[in-house]
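What the coordinates show
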Amino acid sequence: PSGINALGVIAGSYQGADTVYHGFVRRPDGHFTTFEAPGADTTAGSYNGTSPSSINDLGVITGSFYDASGLSHGFLRTPDGRFTTFDVPGAGENGTFPIGINLEGAVVGYALDSNDLFHAFLRTSYGKIYTFVGPDSCDTGTSTGCYGNAMTAINIWGISVGGSIDNSGNFVGRGLIRYL
């Protein structure tokens, strides 16, 4: 499980015997629904698949899925099973990783560019995507230990929180608050 809403609906993923990750929704009455995001690689032995990360109080789920080339994409899943997939512009070979969703459907997370540098993102409820980095955040990429920026939660007013790593060479983590 990776998220629960105010009604007790749980979203998450499990790894099947096929080594593929599958998404699920569990209602308070114990009923499970499993799902795959469109385009998710479900090839046995791939360790790819669908990984929900958060659910809002309306039952909309966000998360990521890996395609057959190993690239991560974001998704939204409505309670009736409709999907919207998205990619953060400039995301490199690692892709897009949604983490949190608010009641209005705005999504936050991170994406890695082609230099393996983390950028925080906000996807508004109407689909516009903003990327940003924290003040004085590291800019050298993961090969030097810089794990940059990510947003992890967003509230009803569009205020999001997360963290960034500074550019001091010591990679000190800092809290990050962004007002929409």
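It should be noted that the structure appears before, not after, this text.
First things first, this report covers the structure right here in the doc. (Residues numbered from 1 in each chain as written. Predicted model: local features only at pLDDT ≥ 70, side-chain atom pairs only at ≥ 80, totals over all residues. Heavy atoms only, no water.)

1. Structural notes on the overall build of the chain
- Secondary structure assignment for the chain yields zero helices and 15 strands.
- Seen along its three principal axes, the alpha-carbon backbone of the chain occupies a region of about 50 × 40 × 25 Å.
- Looking at the chain residue by residue over its 180 residues, the buried ones come to 47%.
- A fraction of 39% describes how many contacts in the chain between residues 6 or more apart in sequence connect residues 24 or more apart.
- In the structure as shown, the chain presents an accessible area of about 8500 Å², 55% of it carried by carbon and sulfur atoms. (Helix = DSSP H or I, 4+ residues; strand = E, 2+ residues; numbered from the N terminus. Buried < 20%, exposed > 50% of the residue type's maximum accessible area, 1.4 Å probe, protein only. Contact = heavy atoms within 4.5 Å. Areas by Shrake-Rupley, 256 points an atom, 1.4 Å probe, with all protein chains shown as cover.)

2. Re the pairing of strand E14 (residues 159–165)
- Note that strand E13 (residues 149–154) and E14 share five bridges and pair antiparallel. Across the sheet, the residue bridging to Ala153 is Val161, located in E14.
- Note that E14 and strand E15 (residues 173–179) share seven bridges and pair antiparallel. Residue pairing across strands places Gly162 opposite Leu176, the latter belonging to E15. (Pairing = 2+ DSSP bridges.)

3. Some details on the sheet that holds E14
- The antiparallel open sheet is built from three strands, whose spatial order is E13-E14-E15. Pairing within the sheet leaves two strands with one partner each, and these edge strands are E13 and E15. The sheet shows a mean angle of 25 degrees between the axes of neighbouring strands, direction not considered. (Axes fitted to C-alpha atoms, helices over the stretch in contact; angles between N-to-C directions.)

4. A word on unusual backbone geometry
- Phi is positive for Thr19, close to 70 degrees, though the residue is something other than glycine.
- With respect to the helices and strands, Thr19 occurs in the loop between strand E2 (10–15) and strand E3 (21–26).

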